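# Fold and geometry: a report
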Amino acid sequence: MNLLRILLARCAALFRRGKLDADLNEELRAHIELAIHENLHHGMSPGEARTAALRAFGGVTQTRETYREQRSFPLLQQLGRDLRFGLRQIRKSPGFSVVVIVTLALGVGANTTVFSIVDAVMLRPLPYAQPQQLVEVSSADAGSPVARSVSYPDFFDWREQNHSFEHLVSYDDNSYTLTGITRAVHLDAEIVSWDLLPMLGIQPELGRGFVAGEEKLGSRVVLISHSLWMSQFGGDTSIVGRTIHLGGEAFTVVGVMPPSFRFPVDKPQNSLWTTLAVDSDALKNRGSHSQAVMGRLRPGVSVAQADQEMKAIAGRLAMQYPDTNTHNNSAKVQLELRAILGETRTLMLVVLGAVAFVLLIACGNIANLQLARVRDRQREIAVRCALGATRASVLRQLITESLVLSIAGGLVGCAVAFVSVPGVLALIGNSVPRAANAGVDLGVLGFALATSLLSGLVFGIVPATAASKTDLVKTLQRGGQARIYGHDWLRMAVLVAQVALGVVLTAGAGLLTTSFVKLIRTDEGFNPDHVLTFAFDTPDSSYKNRRPQVYRQYFEKLRALPGVESAAGSMILPMTDDDAHISFENPERPVAKGLRPNAELMPVTPGFFQTMQISQIEGRDFTEADNMQAPQVMIVNQAFVKTYFPGEDPLGKKLKPGAGNGSPDGPPWRQIIGVVGNVRHSATQREMQPAMYLPASQLPNWCCVSSVVRTSVDPISLEPAVRKLVASMDSDIPVTDVRTMPDMISMRLAQPRFTTVLLGSFSVLSLILTVVGLYGVMAYSVTQRTREIGLRFALGAQRGAVLGMVLRTAATLLGAGIAIGLLAALAFGPILAMMLYGTGPRNPAVLAAVTVVTALAGLLAAYIPAARAASVDPMRALRTE
Amino acid sequence: MGENKSDVLQGTLDLMVLKTLEAMGPLHGYGIARRIEQVSGDALSMNQGTIYPALLRLEQRGWIKAEWGTSEANRRAKFYSLSRIGRKKIEEETENWERIAATMARFLAPSN
């Protein structure tokens, strides 16, 4: 209470200094006058009375000083004085200040931008209750680090047998067409087990969550998102309990989720959640691995304990069900946030490291500038010392100046971040989970401030210490031109470090660029130009078993559209990162059921290879005649032949892929009728996978094929026509995902593109900063040595020799920096390995290029001051001092 | 400075000021200083000026109030008076001081 009152009084005093000083003066004057008055009464002469009054009072000035200290915060006021002085210094040398502020603003701006994204992606907790207890559980093959999806029967066994989890929840992506409203819409959905909400610790905004009984077959209940509730149902609270139509089936809405609810976090567009009751086909199939699994650990159970238990359970299941689980004999439990980030974590850390390098290089530049300037200010500092400034006060003053500069740089840096964050986010697209939430908020601004202050200390403390050690007498004796001995090596060391950091950064950027160019130039195995893709559902409710005819008629109409050269359908589109794997039986190599090999499965319609311009190596394409009544057939790719029929002719061989076509005898034997070229399924795929193509017309119960259209006109211009065509067949089917193939590829390359662009910009920035720094150091050193150089000329030195002398210094520094940088690049390269395609992490061509570029840029920067040194006029140089 | 005079102990000056105001009512700085000098006789060596930081300290704590008024010499001067809190604090501080004094006295008493 007391303390608070005093503090308040002192704070108030800060702002009324003038008035309070006047009051004090008047009070003291009154005191003295009263004393004189009394002394006069006692019969003193006026002179005596005054002297006696002052003597009794003691020092007026001291009193005033103590009084002021008592009144407010003396340290704060001193800081204010230092700040004002610092600002005056900055105004006095605007050029220097602008260079420092801009350099720092670039460094801090880049760091703040990256940090705002790292913060959103990695640091913010998941938006659920006690997120540190949430883990991802996946299936695995013992000895392989790859996490696999889980089958429903396995999930049910896990759920029943474990003792580690409070809740264990399966989830899988899905989508529905919502009908029965003005215009049918396509919505992303998630199939989950009943206890999703209890596991996440989240309540619906309206209504209730699922109950255990709603996992029962035939149950059709749905939770809807807040935004869907608003956009399609006008926020009507009577929605709970109402029936809505999804894919032609009636679902009861049981609840509305709050606006901030996202599940999974990397699928913010999800607007429906249903129970796994809708997945009737997969519920009993132990071989169909489709589910992701998330769990909440029981209190006191660690991730490692859960991991151990789940591994044991998976091992037991593999013994129990060898046919399906031999390759799923283990499990893996990891923290949910870590599972969501996956390899993105490394990527974020690499970018964060790179941007920290930029800041270090920037600080190096500023430190060198400060060192040079402090030398020029020797005289001023010496004079201040002579007038009684202590070493501490000089140090304090210089650091305050640095801090003032750093705060100014930090403020501009924040502005840079504000501008650049949206740009970087656009570059990232949706290639990094949770990045979209990034923004410059208070925490990020705090980071920017802390970074700038830290930088200010880093680049301020060395020059300040150097300056405060000034030898007063010597400096003044020499007219203020004294050198600070022993600090040239400091400038040189800073420079070497900058060059080394720059080389590491540029090498990293070089590797990523090389890899990115390789990615762009990679042959996808098809021709993406002038290809339009889009999708629409054919729900089981009205299309089951009718699909082959419906699709045949639809594709005929589609091919007839003006501008369409050819068109076909495929259940899975290349370059979408989508895939389906299925095991197959090969009578020539019988193995136990659980050990059967598997390959990518691609149901397509006739004309797919022609439309995509995938090369037909052998045999024939599917035709309309390959229907349910005809012999069952398949086509394989070259990778399949290479893996399973090396050196053999695959045509005519029969295999049994485990894909049921609705017949009660199970999957049929299929004859291989053709071989096609390999196609990339993902833009960042490292190896071509064996694939099996099956005619969609021989899988009538499989939903659904996406359309690919090769056009003679701009592909996107066909969008209205295809929408009209689909609507004319069924007005309740919305067309979705209308994209050109080049756009789709570009979307898939977002992640490598953004890392390449960011690291590329950082390395260019670092190169510029390094070159500027080198130029500054060389130019300054030449100016300092003007007299020496003049003397050399006077003694007969050749211009070439002087030029060589300066360049040699620069070359030595560069050489040392590059050598250290190359060693570091070789050591740290492997960190990048997972981000690289088509190049190793120690690519000699890249390192050579980096060396050449850095050396050339550096020598060029040194040449200008060197040439100036060589053109020094000896007479003038000798007269300079 | 006289060898036999004591410096004013830190903290005791505050109590002296409070007691003075209690006894004399509203008073200006000079008056307070004179009164303390008179009461202590010649036992204390005190610069009159030291009264002012003490007055400020008490004012910041809210124990005394200050008001501009007119002095006996017909001059504007700042008059200090006890606040409500100040009156209460006097008792506390007096007890406090008496306890310390008593303790000190026990230490200084010739041991038997």
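Residues numbered from 1 in each chain as written. Chains lettered and ligands numbered in written order. Predicted model: local features only at pLDDT ≥ 70, side-chain atom pairs only at ≥ 80, totals over all residues.

To continue, consider the overall build of chain B. Helix and strand content of chain B: 4 helices and 5 strands. Scanning chain B from its N terminus toward the C terminus, one meets helices and strands in the order β-α-β-α-β-α-β-β-α. Across the 112 residues in chain B, those meeting the buried criterion constitute 27%. Pairs at least 24 apart in sequence give 57% of the contacts found in chain B among residues at least 6 apart. (Helix = DSSP H or I, 4+ residues; strand = E, 2+ residues; numbered from the N terminus. Buried ≥ 20, exposed ≤ 12 C-beta atoms within 10 Å, placed from the backbone. Contact = placed C-beta atoms within 7 Å.)

Across its full length, chain A carries 29 helices and 21 strands. Relative to the 2.2 N^0.38 estimate, which gives 29 Å for 881 residues, the radius of gyration of chain A is 38 Å and therefore markedly larger than a compact globule would have. Dimensions of chain A along its principal axes, counting C-alpha atoms only, are 130 × 85 × 55 Å. Counting every position in chain A, which comprises 881 residues, the buried fraction comes to 41%. For chain A, restricting intrachain contacts to residue pairs at least 6 apart in sequence, the fraction spanning at least 24 positions comes to 82%. (Rg over C-alpha atoms; globule rule 2.2 N^0.38 Å.)

As a further point, take the sheet that holds strand 5 (residues 76-82) of chain B. Residue and element names in this part refer to chain B. Judged by pairing direction, the sheet is antiparallel, and its 3 strands sit side by side in the order 2-5-4 without closing on themselves. Strands at the two margins of the open sheet, each flanked by one partner only, are strand 2 (27-28) and strand 4 (64-70). Pairing geometry for strand 2 and strand 5, over 2 bridges, is antiparallel. Within the sheet, the bridge partner assigned to His-28 lies in strand 5 and is Phe-79. (Pairing = 2+ DSSP bridges.)

Taken residue by residue, the interface counts 20 residues in chain B and 22 residues in chain A. Of all elements in the fold, only helix 2 (29-40), helix 3 (51-61) and strand 5 of chain B reach the threshold of two or more residues within the side of chain B that touches chain A. Per-element tally for the side of chain B that touches chain A: the top contributor is helix 3 of chain B, with 6 residues. In terms of residue class, the side of chain B that touches chain A is made up of 6 nonpolar, 9 polar and 5 charged. (Nonpolar A, V, L, I, M, F, W, Y, C, P; charged D, E, K, R; others polar.)

All names here are of chain A. Between Phe-263 and the following residue, Pro-264, the backbone shows a cis peptide bond with an omega angle of -10°. Take Pro-264: it is sitting in the loop between strand 7 (249-256) and strand 8 (272-275). Positive phi values are uncommon outside glycine, yet Arg-434 reaches one of about 70°. Following the sequence through the fold, Arg-434 ends up in the loop between helix 15 (391-428) and helix 16 (442-468). According to the C-beta neighbour criterion, Arg-434 is buried, with 22 such atoms within 10 Å. The backbone of Met-575 shows a phi angle near 65°, a positive value even though the residue is not glycine. Inspection of the secondary structure puts Met-575 in the loop between strand 12 (564-570) and strand 13 (581-585). Of the residues examined, Met-575 has 23 C-beta atoms within 10 Å and is grouped as buried.

Each assigned domain of chain A is listed with its residue range as follows: domain 1 (2-72), domain 2 (76-128 + 343-485), domain 3 (142-328), domain 4 (496-525 + 745-881) and domain 5 (537-733). Here the C-alpha centre of domain 3 of chain A lies 79 Å away from the C-alpha centre of domain 1 of chain A. (Domains from an automatic or database assignment.)

Bringing the pairing of strand 6 (residues 243-246) of chain A into the picture now. Residue and element names in this part refer to chain A. The alternating pattern of strand 6 places Ile-244 and Leu-246 on a buried face and Thr-243 and His-245 on a face that is not buried. Examined bridge by bridge, strand 2 (residues 165-179) and strand 6 share 2 bridges and lie antiparallel to one another. Residue pairing in the sheet places Leu-178 in a bridge with Leu-246 of strand 6. Pairing analysis gives 4 bridges linking strand 6 to strand 7, with the strands arranged antiparallel. Along strand 7, the bridge assignment pairs Leu-246 with Glu-249. Taking the residues between adjacent antiparallel strands as the criterion, strand 6 and strand 7 are bridged by 2 residues, where Gly-247 takes a positive phi near 55°.

A separate point is the environment of Val-850 of chain A. Residues and elements named next belong to chain A. Mapped onto the elements, Val-850 comes out in helix 28 (residues 844-870). The class for Val-850 is buried, based on 26 C-beta atoms found within 10 Å. In contact with Val-850, other than residues within four places in its own chain, are Val-503, Thr-506, Ala-507 and Gly-510.

Quick look at the environment of Asp-873 of chain A now. Residues and elements named next belong to chain A. For Asp-873, the position within the fold is in the loop between helix 28 and helix 29 (874-879). For Asp-873, a count of 11 C-beta atoms within 10 Å translates into the label exposed. With 538 residues separating them in the primary sequence, Asp-873 and Leu-335 have C-alpha atoms 71 Å apart.

Residues and elements named next belong to chain B. Contact geometry of helix 2 with helix 3 gives a least axis separation of 10 Å together with a crossing angle of 115°. Here helix 2 lies roughly perpendicular to helix 3, going by the angle between them. Crossing of helix 2 over helix 3 shows right-handed handedness. Along the contact surface, helix 2 presents Gly-29, Ile-32 and Ala-33, while helix 3 presents Ile-51, Tyr-52 and Leu-55. Class assignment for the residues of the contact of helix 2 with helix 3 results in 5 nonpolar, 1 polar and no charged. (Axes fitted to C-alpha atoms, helices over the stretch in contact; angles between N-to-C directions. Parallel < 35°, antiparallel > 145°, perpendicular 65-115°, else oblique. Left-handed = near helix turned anticlockwise from the far one by under 90°.)

Residues and elements named next belong to chain A. Summarising the element assignment, Gln-549 is placed in helix 20 (residues 547-560). You can call Gln-549 partly exposed: it has 13 C-beta atoms within 10 Å. In sequence terms Gln-549 and Ser-271 are 278 residues apart; their C-alpha atoms lie 32 Å from each other.

Bringing the nonpolar core into the picture now. All names here are of chain A. Counting residues in each nonpolar core, the largest one holds 158 residues, and the members touching the most others are Val-358, Ala-362, Met-634, Val-636, Met-692, Phe-762 and Val-806. With 18 residues, helix 13 (residues 344-376) is the single largest residue contributor to this core. In this structure, Val-806 is in contact with Met-778, Val-782, Ala-862, Pro-865, Ala-866 and Ala-869, ignoring residues within four places of it in sequence. Trp-194, Phe-251, Met-310 and Ala-314 belong to the second largest nonpolar core, which has 56 residues in total. (Core = buried A, V, L, I, M, F, W, Y, C linked by C-beta atoms within 7 Å.)

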